[in-house]
Amino acid sequence: MKKFDSSEYTKKVFYASTADTYPFIPYIPGAIGIFLGRTLGFSFAWTFFLGRIVSLLGYGIICSWCIKHIKIGKRLLFMVALLPALLYVATSYSADTYTLASSFVVLTIWINMLMQEEKIKKSQVIGFFCFMSI
């Protein structure tokens, strides 16, 4: 902890990653947390954890939106979103956090399209495919 408790670390180091093939969208919440930590002058450890907390917050916001708008299965979606393994993934810097969250949004849109009596709108289909692509 003493090694990572200083706020003096370089910004210009490149690390090769297997995440190069993913889009940038799932990494935005973690990057916001890191940016806030860097702006406020936090140490490396606190900046790292702030990024994870903001990522968890984004996951929680998306899941709560899904639970609010899904027409059936609210309790089931609530229980699945709070599984310990999913919460552990939600606090990581991985793209899996928002892959899971976007799959909840896709599931919500799909169930709502199945349950509605009127004709499916073009905006619903576009939203379905946008979140499916994430």
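Residues numbered from 1 in each chain as written. Predicted model: local features only at pLDDT ≥ 70, side-chain atom pairs only at ≥ 80, totals over all residues. Heavy atoms only, no water.

Novice: Even after reading the chapter, I still don't get the overall build of the chain, so can you show me in this structure?
Specialist: Looking only at helices and strands, one finds 6 helices and 0 strands in the chain. Listing the helices and strands of the chain from first to last along the sequence gives α-α-α-α-α-α. Contacts in the chain between residues far apart in sequence, at least 24 positions, make up 65% of those at least 6 positions apart. Put simply, the chain shows about 9600 Å² of open surface, and 72% of that area lies on carbon and sulfur atoms. (Helix = DSSP H or I, 4+ residues; strand = E, 2+ residues; numbered from the N terminus. Contact = heavy atoms within 4.5 Å. Areas by Shrake-Rupley, 256 points an atom, 1.4 Å probe, with all protein chains shown as cover.)

Novice: Is there a simple way to think about helix α2 (residues 44-69) in this case?
Specialist: In an α-helix, one turn spans 3.6 residues; hence positions three or four apart end up facing the same way. In this model α2 runs 38 Å from its N-terminal to its C-terminal C-alpha over 26 residues, within 8% of the 38 Å that 1.5 Å per residue would give. For α2, the complete set of buried residues consists of A45, T47, G51, V54, S55, G58, Y59, C63, C66 and I67. On its buried face, α2 sits against α1 (28-39), α3 (74-81), α4 (84-90) and α5 (96-115). (Expected span 1.5 Å × (residues − 1). Buried < 20%, exposed > 50% of the residue type's maximum accessible area, 1.4 Å probe, protein only.)

Novice: Just checking my understanding: could you explain helix α6 (residues 122-133) for this structure?
Specialist: With 12 residues, α6 should cover 16 Å at 1.5 Å per step; its first-to-last C-alpha distance of 17 Å lies within 8% of that length. Every buried residue belonging to α6 is among Q124, G127 and F128, and all of these are buried. One side of α6 carries all its buried residues, which in axial view fall inside an arc of 105°. Across α6 from its buried face, at more than 90 degrees, point the exposed residues K122, S123 and S133. Taken together, the buried residues of α6 touch α5. (Arc of directions from axis to C-beta.)

Novice: Looking at this structure, how should I read a nonpolar patch on the surface?
Specialist: On the surface, a cluster of nonpolar side chains totalling about 1100 Å² of accessible area is made up of F24, I25, I28, I32, F35, L36, L40, F42, W46, F131 and I134. Sort the elements by how many residues they give to the nonpolar patch and α1 lands first, with 4 residues. (Patch = residues over 30% accessible without salt bridge, like charges linked within 9 Å, V, L, I, M, F, W, Y side chains within 5 Å. Salt bridge = Lys/Arg side-chain N within 4 Å of Asp/Glu carboxyl O.)

Novice: Which parts of the structure should I look at to understand the environment of Y98?
Specialist: Position of Y98 relative to the elements: it lies in helix α5. Spatially, the C-alpha atoms of Y98 and I28 are 9.9 Å apart, while their sequence positions differ by 70 residues. The residues contacting Y98, other than those within four sequence positions of it, are P26, P29, V54, S55, G58, Y59, I62 and I134. Within the structure, Y98 has its side chain in polar contact with the backbone nitrogen of Y59 (distance 3.4 Å). (Polar contact = N/O pair within 3.5 Å; in protein donor to acceptor, adjacent residues only side chain to side chain.)

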